Each structure stands twice: as structure tokens, then as C-alpha cells.
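# Understanding the architecture of this molecule
Chain residues, written in single-letter form:
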Amino acid sequence: MSEVRVRYAPSPTGMQHIGGVRTALFNYLYARSMGGKFILRLEDTDRTRYDEKYVKNLYDTMSWLGIEWDEGGDKGGEYGPYIQSERFELYKKYAEELVEKGEAYYCFCDSERLERIRKIQTENKMAPGYDRNCRHLTPEEVKANLDAGKPYVIRLKVPLEGVTKFHDHLLGDIEWKNEDISPDPVLLKTDGFPTYHLANIVDDHFMKISHVMRAQEWIPSTPLHVQMYRAFGWEHPEFCHLPMVNGKDGQKLSKRHGATSLNEFRARGYLPKAIVNYVALLGCSYVEGKDFYTLEELAENFKLEHLNKSPAVFDYKKLEWYNGQYIRMMSDKELYEKVLPFITGTGDAALDINVSDEFPAPRVGPAYSGVGLGDDGKPFCVDKSMNMTSEDVEKTLMSLMPLIKERLKYLSDAAESVHFMFTEPTVPAIEEIIPKKLDAAKTREVLEEAKTFVAEIFGKTHDEAEELARTEAEKLGVKMGDFMMPIRMAVTGSRVSPPLIGSIWILGKERALARIEKTLSAF
């Protein structure tokens, strides 16, 4: 078999989203599994929506995910340039070659005429498309128009009869009536810019692309592409149209289902390993009974025959589970480095995302954590009255990592989890402190006894401290949860916090007791 060469060729007209990432990942995995090449190409012919920030986002996303390309981008390669706007002369040359071969023609219809055709077709419920008016111009008419400097496009001559057949690795043999192919589409526009179809086919041919792996929504375009390869006299690549990615409602995945752009996932605290692992499983199987894969393991086990024909369903809960699992696999040091941007509101936490009532902004940064990031790259406590140096903040955060690790679903959860260490919490409303089965008097009794409990747990093991809590609860005639909850509210200011005993140890006896006393004064 000749060398496998696959490509990911996005248009820089928007941020990278989960569907595009899945296409890039499958192409990458196939190239690696076959010892081939993965090419990154920019299809930037749509200049009206082009923006340099989308180019940057493409490279940032690939780097964040760990997907390395072999050619294109900053790597170059022998088949470059890999940016379509730098290849315009090539497209013009081959569009004109098709005209010379009788496979394409000059069309001089202006926008007003084309609009009239569209209107007539719409009103009469006719199939949309060009009416092939200029297909029948004589050579003399064409020359006269060209000599007069009349603007033109170049259109492909699609056969009027017969069928176009091609084989798809996943879907098998596909047959398309030529009369159902878009009638004589434009290849070269009046401004000399190629259309997507022309640039795509010319680039795939000259970059020696062996396999085109893309979403199934591109199937209707494939007969046209096959016709173009035939017109040029070139052999077309092998096709593999990947299953769609849908939401749980069976509709194509979109913003209404939740985060879809990679920036959204990054800003909301997902790990690249979790994204790669989960996305690689969307529509593909690997080793039976195995849930976790490195990028290298996925490449080793990727096979086209393991792709599914039916659409994949994107399950945010399953991805959340993967994310939590990968968080728990980290060392404390790794976790500290990953959560620090979310605690301080920098890095990924500062990425622009779309927020709504249904998908609010993550609660990250100093407002939620009490910790900022200095110009020296070190964390600092925003509340100066806490008298904490940067070293104190770092040490405290590192001490918190084992406590918060087991409870984090997303990196963005870390900010609120550490807040009680870096600011003095306000005393919650009395009704929030009182457990459902206790009254104010009994809750005050619990908090009084809590002072003894807090003073005595230092120097004990965790099991010994828990046993002491049980003993104190029994002595008061309350359940363990009803004993611990008022203490948690007093010490952390919240019903949800890292494990309480460990939190008290890190906070220190003096500060923990002072907070209990302050809470008692509110009763």
C-alpha cells in the first residue's frame, strides 16, 4: 500500500469545535496507526469571515490536545504552501485547463440574472441551481465576451445523464444520479478566488492525500468531487465519511446542548486527556473492557473497520466522569499547576466563552477564590488582612490539593473550594447553619462542644479524629452529619467544602476556633 497521507483542513472562519476536533483526531490516529503523515491545511478562501484569531485558535487547540501534525502550519513540507490563499495561481491554472479540455466553461451571467433564476425556482418550487445558460455559448460568443472584458466565473460541466459511483470505507458503495448533483457549480469566482470544491480537489491531489476522512454531512458533495477528479483525469483518494456527533435529542450537536467549542471546554475546566479519550470513543471502538487510553494507545488500536455507521451521541455526563477520573489520576503538584489558572482567573480561565442562564460562566478567579496572580507569576492573597505571603499561599494551596482532588469534577471547581482559606467568611444566616432535625438551642450546643473537638483533633490521625467526632455526636444525642454540618458552616462559611477535618488542620486551631466563636456570637 502507498503511504497513508490524511489531512485536517478547516476554514478559519470560527473557533474549533468538538465535531472538527473529532475529525482531526480520527485523521491523526489513522495516520499514526498506519505509519503515515497527518497534514494540517488552512482552507482560507472565505475571506469575508476569515480572521487571524481563528488561525491562532486552530494551532492553540491542536497544541492543547497534543495532536501533532507532520506537514503544514509552522512545519511546512514539500507539498506546500499549505494555506490556500497562497496557492491561487495554481487553482486558476487548473480551472482554465478544465475549460480547455471541455470539462468546464466560462459563465458571464451577472448577479441580477442569477437572482431572477433563484426567485423563479423558489416561486415554482423547482430544484435550486444554475440553469446552465452559458454552457451552450459558441466559442465566438465566449471570445467576444472575454475581449469585451465582461466579468466571468468558471463552471464545471456536470454530466446531464448517468450516475456517479464511489466506495466509502464505512458505508460501502454509494451511487448518485448525475441529475441530482448541483448543476454546474462555480469553480473559479469573478475575483479569481477558487470555490471550496476546486481548491479542495486540487490541494488533495497535489498534496498526495490518500484518504479523505470527514463527517457524513459531506456525502452530498462527494459525487461532485468524484466528477472533478474524473474531469482532471486524476485518481481520487479513498473516502471515509465519519458518523455525525449528535446531542442526546438526536439532533446535530450545537450550542443548545452545552459547550461545543474547545475554548468553552478549556474555560470550563476540562482536561485535554479527558477530551481526547472521550472524543476518540465517539463512533469508534478500541480494546474491549478498557476505558482509559493515552493518545499513543489510541493510535496503536485505531482501525477503520472499528468505526460505527450510526451517529455518535455526545454525553456530557460521561465526559464529566472522564474529567473527574483524570483529575484524580494527577499528582498533587500536577493538579496545583492545572487549577492555579482557575483559582487566579488567568490562562484558560480567561478565555472568552458564550454564557447564558442555562450555561452560566464558571465561578473562577480572585472573586471566588480570594487568590490572585502577581506579575511575578506567584499567587497572592487578595485580602491583605490575612497576612499571607506568596509562599504561604503556595504552601496552603499545595496542602489543599489532596483534599479537593476527590471532589473536583472540573478544574474550575477549585476556586470556590479553596476560598475559605484565603478570606474570613461572613457568618451565614442562622437558619442556614441549623440542621433540619435540630433547633437553634441544640445547634448552639453543638458549636460549643465543637470547640473542644477542634482543639483535640490536632496531633491525631484522621481515623482518630473521626472517632472523636462520633463520640461527641453521641454525647450530644445527635447524628454525625448534624454534628459536623454546623462546624463546617462556621469554619468554611459553606455547606460544601473539602473534607472538614483536613480543612481544619490546614486552617489551623486558632483560626478555626475564632470562626466558631464568631458564629456562636450570632446565636
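Our structure's up above, just so we're on the same page.
Residue numbers here run from 1 along each chain, matching the order of that chain's written sequence. The predicted origin of the model limits local features to residues at a pLDDT of at least 70 and limits the giving and counting of side-chain atom pairs to 80 or more, whereas totals for whole chains, interfaces and linings rest on all residues. The basis for every side-chain value is the complete set of heavy atoms in the structure, and neither hydrogens nor water enter the calculation.

### Side note on the sheet that holds strand β8 (residues 186–188)
Pairing between strands is defined by DSSP: at least two bridges between them are needed. Under the scheme used here, helices are H or I runs from DSSP no shorter than 4 residues and strands are E runs no shorter than 2 residues, and both carry numbers assigned from the N terminus. Pairing within the open sheet is antiparallel, and its three strands lie in the order β4-β5-β8. The open sheet has two edge strands with one neighbour each: β4 (104–107) and β8. Direction aside, neighbouring strands of the sheet carry axes that sit 45° apart on average. Pairing analysis gives four bridges linking β4 to strand β5 (residues 153–156), with the strands arranged antiparallel. Paired with Tyr106 across the two strands is Ile154, which belongs to β5. Should any heavy atoms of two residues lie within 4.5 Å, those residues are counted as being in contact. Every axis corresponds to a line fitted to the C-alpha atoms, with the helix fit spanning only the stretch in contact, and the corresponding angles, defined between N-to-C directions, vary from 0 to 180 degrees. Against the sheet, helix α3 (residues 88–100) touches β4, β5 and β8, its axis set at about 105° to β4.

### Brief notes about the environment of Tyr130
Mapped onto the fold, Tyr130 is located in the loop between α4 (111–123) and α5 (139–147). Separated by 297 residues in sequence, Tyr130 and Val427 have C-alpha atoms that sit 72 Å apart. If near-sequence neighbours (up to four positions away) are discounted, Tyr130 is found in contact with Tyr105, Cys107, Cys109, Arg113, Leu114, Arg155, Pro183 and Asp184. Separated by 3.4 Å, the side chain of Tyr130 and the backbone nitrogen of Asn133 make a polar contact. Here a polar contact means two N or O atoms within 3.5 Å. Within protein one must be a hydrogen donor candidate and the other an acceptor candidate, and residues neighboring in sequence count only if both atoms are side-chain atoms.

### Overview of the sheet that holds strand β2 (residues 37–40)
The three strands lie next to each other as β1-β2-β3, forming an open sheet whose pairing is parallel. Of all strands in the sheet, those bounded by a partner on one side alone are β1 (5–8) and β3 (71–72). Sheet topology note: the β2/β3 ladder contains two bridges and is parallel. Opposite Ile39, over in β3, you have Glu71 as the bridge partner. Contacts between helix α1 (residues 18–33) and the sheet are confined to β1 and β2, with β1 contributing the most and set at about 160° to the helix.

### Quick notes on helix α17 (residues 440–457)
An ideal rise of 1.5 Å per residue puts 26 Å on 18 residues; α17 measures up with 25 Å between its terminal C-alpha atoms. Of all bends in α17, the biggest is about 25°, found at Ala450. Of the positions making up α17, those classed as buried are Thr443, Val446, Leu447, Glu449, Ala450, Phe453, Val454 and Ile457. Where α17 begins, the side chain of Asp439 points an oxygen toward the backbone nitrogen of Ala441, at a separation of 3.3 Å. One less than the residue count of a helix, multiplied by 1.5 Å, gives the span that helix is expected to have. One axis fitted to the seven residues ending at a residue, another fitted to the seven starting there: the angle between these axes is the bend at that residue. Partly exposed describes any residue whose relative accessible area lies between the buried limit of under 20% and the exposed limit of over 50%, with all areas from a 1.4 Å probe on protein chains only and scaled to the type maximum.

### Quick word on the pattern of salt bridges
In the sections that follow, a salt bridge refers to a side-chain nitrogen of Lys or Arg positioned within 4 Å of a carboxyl oxygen of Asp or Glu. Across all of its chains, the model carries 38 salt bridges by this definition. The closest approach of N and O atoms between Arg230 and Glu103, which form a salt bridge, is 3.3 Å. Taken as a pair, Arg230 in helix α7 (residues 222–232) and Glu103 in the loop between α3 and β4 lie far apart in primary sequence, 127 residues in all. Between Lys317 and Glu320 there is a salt bridge, with the nearest N and O atoms lying 3.6 Å from each other. Of the two residues, Lys317 and Glu320 both sit in helix α11 (residues 316–328), three residues apart, roughly one turn of that helix. Using a relative accessible area of 56% as the deciding quantity, one classes Lys317 as exposed. In the salt-bridge network here, residues are joined through shared partners; they are Arg7, Arg41, Glu43, Arg87, Asp203 and Asp204.

### Some words on the environment of Asp203
Of note, Asp203 is situated in helix α6 (residues 196–206). Take Asp203: its relative accessible area is 0%, and that puts it in the buried class. Along the chain, Asp203 and Glu510 lie 307 residues apart, while their C-alpha atoms are 70 Å from each other. Non-local contacts of Asp203, meaning those with residues more than four positions away in its chain, are made with Arg41, Gln84, Arg87 and Tyr91. Among the polar contacts made by the side chain of Asp203, one reaches the side chain of Arg87 at a distance of 2.7 Å.

Coordinates in, geometry out; function isn't part of it.
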